[in-house]
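Residue-level listing of the chains:
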Amino acid sequence: MPEQPEVEHAARRLREALVGRRVRDLALLHPALRRTLDDAAAASLAGRTVVGVERRGKHQLLRLDDGRTLHAHFRMAGDWAIGRDDAPLPRHARAVLQCEDGTRVALVDPRALASLTILAAGEPSPVLGPEADDPALDVATLRASLARRRGPIKPVLLDQRVVAGVGNIYAAEALWHAHISPRAVASSLGPVRVGRLLDGIRTALAEGARTATRYRDDAAGADLAVYGREGEPCRRCGAPIRRIVQAGRSTYFCPSCQRT
DNA sequence: TATTCCCTGTGC
DNA sequence: GCACAGGGAATA
């Protein structure tokens with residue numbers, strides 16, 4: 001289940017599998033995908049060649065040789081299954097992109113929340129904030145964008161217009177690294193804490209990238225600092241990790257060393 | 001700014 | 001059964 005590091009890894013695999021290959025067809029296997037793409041639009045990909053694959057935040061952009069873009073978003077549970085078309089389709093395959101040379105990419109998505117859309121040539125991709133690794137993202141920029149926000153910092157970090165690609169796991173991890181309470185009011189953060197937060201975001205995402213060669217499972221989850229560790233000792237101070245709910249999502253934090 | 005909903009699966 | 005799941009758009 002993807003956050004930005006997992007999506008980056010997925011996009012790399014996709015690039016390797018698809019760039020230079022010609023599409024035979026795109027089949028939609030689950031009706032939920034028709035919320036954003038109809039069969040005629042999917043069929044219009046036939047004969048197109050994939051010329052590039054980019055990632056922006058958690059979005060994947062498949063550039064086509066006619067200038068259009070197939071835009072994929074995994075949401076909560078998506079992933080690519082990449083292989084040859086003689087292999088059996090995996091369970092929960094919701095869409096299948098078949099190439100002329102036998103390469104087959106399946107969108108595997110148990111919850112059927114992922115989306116596929118087609119962007120016309122020149123049509124803008126979704127509005128997102130800067131990438132976490134963008135050198136233009138500095139303390140002043142981040143502080144300015146937080147200054148306009150009234151609520152607690154943790155839900156604000158999930159807003160993709162603040163920093164693209166930060167999800168529920170890494171928002172919690174970043175705040176832990178930064179010693180900042182998830183309940184701290186975003187606009188109240190001064191330059192020192194925003195500096196720590198920016199470092200924390202980068203640290204958390206870099207740490208995620210190291211272990212994102214595949215999707216997290218129980219074993220891989222073991223190296224997260226706070227996420228999913230309710231009741232377990234803080235790796236820094238030993239106090240029990242707490243779970244609270246903010247904006248309908250779980251937040252994990254150490255009430256002892258993330259005080260303000 | 002917080003809830004509700006989209007879907008389905010897993011684990012208690 | 002019910003709570004919960006890594007996202008985000010649509011609501012109230």
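Residues numbered from 1 in each chain as written. Chains lettered and ligands numbered in written order. Predicted model: local features only at pLDDT ≥ 70, side-chain atom pairs only at ≥ 80, totals over all residues. Heavy atoms only, no water.

This brings us to the sheet that holds strand E3 (residues 59-64). In space, the 4 strands of this open sheet follow the order E2-E3-E4-E8, with antiparallel pairing throughout. Looking at strand neighbours, the two that pair on one side only are strand E2 (50-56) and strand E8 (115-119), the edges of this open sheet. Mean inter-strand twist for the sheet, computed between neighbouring axes without regard to direction, equals 20°. In this structure, E3 lies alongside strand E4 (residues 69-73), joined through 5 bridges in antiparallel fashion. From the neighbouring strand, Leu 61 faces E4, where its bridge partner is His 71. Here helix H1 (residues 4-18) sits on the sheet and contacts E2 and E3; the angle it forms with E2, its principal contact strand, is near 175°. (Pairing = 2+ DSSP bridges. Helix = DSSP H or I, 4+ residues; strand = E, 2+ residues; numbered from the N terminus. Axes fitted to C-alpha atoms, helices over the stretch in contact; angles between N-to-C directions. Contact = heavy atoms within 4.5 Å.)

Parsing chain A into structural domains produces domain 1 (4-119) and domain 2 (139-253). A straight line from the C-alpha centre of domain 1 to that of domain 2 covers 30 Å. Facing 12 residues of domain 1, the contacting portion of domain 2 comprises 15 residues. Summed over both sides, the interface between domain 1 and domain 2 buries roughly 980 Å², with carbon and sulfur atoms accounting for 60% of that surface. (Domains from an automatic or database assignment. Buried area = accessible area lost by both parts, 1.4 Å probe.)

Around DNA strand B, the surrounding shell consists of His 30, Arg 35, His 92, Arg 94, Pro 110, Arg 111, Leu 113, Arg 149, Arg 150, Gly 151 and Ala 247. Sugar plus phosphate, as a fraction of atoms of DNA strand B within 4 Å of the protein: 73%. At 3.4 Å from a sugar or linking oxygen of DNA strand B is found a main-chain nitrogen or oxygen belonging to Pro 110. Between DNA strand B and Arg 150, the relevant distance is 2.9 Å, taken from a phosphate oxygen to a main-chain nitrogen or oxygen of the residue. (Near = heavy atom within 4 Å. Polar contact = N/O pair within 3.5 Å; in protein donor to acceptor, adjacent residues only side chain to side chain.)

The element E4 is extensively covered by neighbouring structure, given that 5 of its 5 residues are classed as buried. Where E4 and E8 come together, 5 bridges link them in antiparallel fashion. Bridge pairing links Leu 70 to Ile 118 in E8. (Buried < 20%, exposed > 50% of the residue type's maximum accessible area, 1.4 Å probe, protein only.)

This part covers the pattern of salt bridges. What the rule picks out here adds up to 16 salt bridges. In this structure, the salt-bridge partner of Glu 131 is Arg 56, at a minimum N-O distance of 2.6 Å. Highlighted residues: Glu 131 in the loop between E8 and helix H3 (139-147) and Arg 56 in strand E2, separated in sequence by 75 residues. Linked by salt bridges that have partners in common, Glu 8, Arg 12, Arg 55, Arg 56 and Glu 131 make up one network. (Salt bridge = Lys/Arg side-chain N within 4 Å of Asp/Glu carboxyl O.)

The next thing to look at is the pairing of strand E9 (residues 242-246). Here 5 bridges tie E9 to strand E10 (residues 249-253), and the two strands are oriented antiparallel to one another. Bridge pairing in E10 links Ile 244 to Thr 251. Here E9 folds back onto E10 in antiparallel fashion, the turn holding 2 residues, of which Ala 247 has a positive phi close to 50°.

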